Amino acid sequence: MSKKNVKKKQGWFFNKYEDKKDGVIRGYDVRSTKVKILCILIMILCFAFVLVSIFPVIWVFLASFKDIKEFTREVSILPKKFDFSKIKTTWNALKFQKYYMNSLISVAGSVVFAVIFNGLLAYGFAILRPKGYKVAFGLVMWSLLIPATTSIVAVFRNINMVGLSSSFLPLWLAFGANAFYVILFKEFFQEIPKELLEAAKLDGAGVLKVFSSIMIPLSKPIIMVVVIFAITAAWSDFLLPYLVLNGSGKETVMVKLFSFNDTPTDAVSVLRAALFAIIPPTILFAVFQKQITDGATAGAVKG
């Protein structure tokens, strides 16, 4: 039987498996009826997980179009009218553009610090390897076992002692010392051909020149992963921004959401504010999900 006839017999759902030669289910596996049934069950289960995951977001979006009376009395998930002016009114009333700008400043600095400082430390561990680097790397690995909240009191006291309260700098520095990002960079740097580094040294390039001209340009996949992880984490971070920025006029979106507990804001306005908060990371993941998975694989797989 020809390959074309096999594809027609299998149907459109299984055609994409025809040229698949790796993974759990490969091209020749789907010729079995049992495997086909298993594929369908897996797809149904995945769709169920997707629906469960996105339902809260859909509910928040639809509830944002209701007024407080409709929200408290109507049981239907669908609003009677899709009136975007209500969302616009809440945006203007809460002055959310200000908190968006504060969050953008926090995120931008966190991304720069996460890439530069974690990348430099990983460069030392993977390429330079100075005397005692194994001890330092062991401490970095050990820090992964310590919950970040256990040191928050000491960190907050030190921030106040050096006069950095009501500033974005402590938030940026926190992302510049992330063990997870260091490990991602280190694993990727170790796969870069040593010949390129030796050639750069023969041309007279110094340590920082090699890092900026060789390591960074060749590490775009893993840099993309770290950037996306840092953006997501910095945008959703609450505890440290709350301690450092609360009452300073530089509150981020997440800090502002928490402050609604102390204000006479109705439930629908809070839901609309929550909608404003989840839009940026949702768009980010929808646009860059392929880069996230591809970059994570590039940084994690060796050989």
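Keep in mind that this is a model prediction, so the values were computed, not measured.

1. Quick notes on the overall build of the chain
And then number 1: Broken down by element type, the chain carries 16 helices and zero strands.
And then number 2: Expressed as a percentage of the 303 residues in the chain, the buried residues total 35%.
And then number 3: Within the chain, counting contacts between residues at least 6 apart in sequence, those at least 24 apart form 69% of the total.
And then number 4: If you sum the accessible surface of the chain, you get close to 18500 Å²; carbon and sulfur atoms cover 68% of it.

2. Here we look at a nonpolar patch on the surface
And then number 1: On the surface, a cluster of nonpolar side chains totalling about 590 Å² of accessible area is made up of Val112, Ile116, Phe117, Leu120, Leu128, Val207 and Leu208.
And then number 2: Those elements that place two or more of their residues in the nonpolar patch are helix H6 (96–128) and helix H12 (207–218).
And then number 3: The element best represented in the nonpolar patch is H6, accounting for five residues.
And then number 4: For Leu208, the position within the fold is in helix H12.

3. Digging into the environment of Ala277
And then number 1: As for its placement among the helices and strands, Ala277 is situated in helix H16 (residues 267–300).
And then number 2: Ala277 sits 181 residues away from Phe96 along the chain, and the two C-alpha atoms are 9.6 Å apart.
And then number 3: In this structure, Ala277 is in contact with Tyr100, Trp235, Val253, Met254 and Leu257, ignoring residues within four places of it in sequence.

The rules behind these values
- Residues numbered from 1 in each chain as written.
- Predicted model: local features only at pLDDT ≥ 70, side-chain atom pairs only at ≥ 80, totals over all residues.
- Heavy atoms only, no water.
- Helix = DSSP H or I, 4+ residues; strand = E, 2+ residues; numbered from the N terminus.
- Buried < 20%, exposed > 50% of the residue type's maximum accessible area, 1.4 Å probe, protein only.
- Contact = heavy atoms within 4.5 Å.
- Areas by Shrake-Rupley, 256 points an atom, 1.4 Å probe, with all protein chains shown as cover.
- Patch = residues over 30% accessible without salt bridge, like charges linked within 9 Å, V, L, I, M, F, W, Y side chains within 5 Å.
- Salt bridge = Lys/Arg side-chain N within 4 Å of Asp/Glu carboxyl O.

Shape descriptors only; they carry no functional weight alone.
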